Amino acid sequence: AAHTYYKVFDNLIVSQKSDFLFNGRNRRPPLDNVNCLLSFLYTILMHDVRSALESVGLDSAVGFLHRDRPGRPGLALDMMEEFRHIIADSVVRNLINRRMIKKNEFVVSGKSYQLNQPSLKKFFTAYQGRLQTEVIHPVYQSRLTYQKCFEVQARLLRKVIEGQETCYRPF
């Protein structure tokens, strides 16, 4: 599914096309500016989801979908999948399509791309703005920020693990 998704991701970039070409996902290090933004946001999102899981008493290292490896937060990566496209990917698309980030705001070191220091404020402002967006939670039907939804989903997962609920409903 991820492979298919990333095959069409470039179609979601509708402005600055020549400056932000996306030819597929790459990382460690990101080899273009789009992958740079995606990798950075995925890392931050993973840490936020990890914090939510640990705040409700779950071990973020023991996942269901991602293989257990020392130091790898498998459960955080699992839960992050629910939010990746609506948080991180949408921020990347908005930064590019609304021309909030430009090609010249990246530093290239060898083959690796990094966002330059002055642009980090725009980057974090966009991410925080997205986290504070309110949505109707699909289970509780109440208005919550995306950031609060991380914690609510972690609590729902814990209820399933403890046997208080029979089914986990992803966001």
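Our subject is the structure that appears above.
From a predicted model like this one, the values you see are computed outputs, not experimental measurements.

Chemist: Is there a simple way to think about helix H3 (residues 74–83) in this case?
Modeler: Given 3.6 residues per turn, any residue in an α-helix points the same way as the ones three and four places further on. For H3, the buried fraction is high: nine of the 10 residues fall into the buried class. Those residues of H3 that fall on the buried side of the exposure criterion are Gly-74, Leu-75, Ala-76, Leu-77, Asp-78, Met-79, Met-80, Glu-82 and Phe-83. On its buried face, H3 sits against helix H2 (33–55), helix H4 (85–97) and helix H6 (146–161).

Chemist: What should I look at first to understand the packing of H2 against H3 in this one?
Modeler: Packing of H2 against H3 leaves a shortest axis separation of 9 Å and a crossing angle of 115°. Classified by the interaxial angle, the pair formed by H2 and H3 is roughly perpendicular. By crossing handedness, the relation of H2 to H3 is classed as right-handed. Residues Tyr-42, Leu-45, Met-46, Val-49, Arg-50 and Leu-53 of H2 form the contact with H3, whose participating residues are Leu-75, Ala-76, Leu-77, Met-79, Met-80 and Phe-83. By residue class, the composition of the contact of H2 with H3 is 11 nonpolar, no polar and one charged.

Chemist: Would you mind going over the side chain of Asn-35 with me for this structure?
Modeler: Locating Asn-35 in the fold gives a position in helix H2. Side-chain polar atoms of Asn-35 contact the backbone nitrogen of Asn-26, separated by 3.0 Å. Ignoring any residue separated from it by four or fewer positions in sequence, one finds Asn-35 in contact with Phe-22, Gly-24, Arg-25, Asn-26 and Pro-30.

Chemist: Help me understand the packing of aromatic side chains in this model?
Modeler: The full count for this structure, using the stated rule, is 12 aromatic pairs. Look at Phe-40 and Phe-124: their rings are 5.7 Å apart centre to centre, the planes differ by 80°, and that puts the pair in the edge-to-face class. Of this pair, Phe-40 sits in helix H2 while Phe-124 sits in helix H5 (residues 120–131), and the two are 84 residues apart along the sequence. Under the relative-accessibility criterion, Phe-40 is labelled partly exposed at 29%. Look at Phe-124 and you get partly exposed, because its relative accessible area is 35%. Members of the aromatic cluster, each reached through a chain of ring pairs, are Tyr-5, Tyr-6, Phe-9 and Phe-22. Its end group placed over the ring of Tyr-42, Arg-84 keeps NZ or CZ at 4.2 Å from the ring centre.

Chemist: Can you walk me through unusual backbone geometry in this structure?
Modeler: A negative phi angle is the norm for most residues apart from glycine, just as the trans form is the norm for most peptide bonds. In this structure, Pro-29 follows Arg-28 across a cis peptide bond, with omega equal to 0°. The topology assignment puts Pro-29 in the loop between helix H1 (2–8) and H2. If you check the backbone angles, Gln-16 has positive phi at about 55° while not being a glycine. You can see Gln-16 is positioned in the loop between H1 and H2. Given a relative accessible area of 9%, Gln-16 falls into the buried group. Even without being a glycine, Arg-28 presents a positive backbone phi close to 50°. Structurally, the position occupied by Arg-28 is in the loop between H1 and H2.

Chemist: What am I meant to see in the environment of Gln-141 here?
Modeler: You can see Gln-141 is positioned in the loop between strand E3 (134–136) and strand E4 (143–145). Residue classification places Gln-141 among the exposed positions, given a relative accessible area of 56%. Sequence spacing of Gln-141 and Leu-75 is 66 residues, and the spatial spacing of their C-alpha atoms is 25 Å. From its side chain, Gln-141 meets the backbone oxygen of Pro-138 in a polar contact 2.9 Å long.

Criteria and cut-off values
Residues numbered from 1 in each chain as written. Predicted model: local features only at pLDDT ≥ 70, side-chain atom pairs only at ≥ 80, totals over all residues. Heavy atoms only, no water. Buried < 20%, exposed > 50% of the residue type's maximum accessible area, 1.4 Å probe, protein only. Helix = DSSP H or I, 4+ residues; strand = E, 2+ residues; numbered from the N terminus. Contact = heavy atoms within 4.5 Å. Axes fitted to C-alpha atoms, helices over the stretch in contact; angles between N-to-C directions. Parallel < 35°, antiparallel > 145°, perpendicular 65-115°, else oblique. Left-handed = near helix turned anticlockwise from the far one by under 90°. Nonpolar A, V, L, I, M, F, W, Y, C, P; charged D, E, K, R; others polar. Polar contact = N/O pair within 3.5 Å; in protein donor to acceptor, adjacent residues only side chain to side chain. Phe/Tyr/Trp six-rings, centres within 6.5 Å; stacked < 30°, edge-to-face > 60°. Lys NZ or Arg CZ within 6 Å of the ring centre and 35° of its normal.

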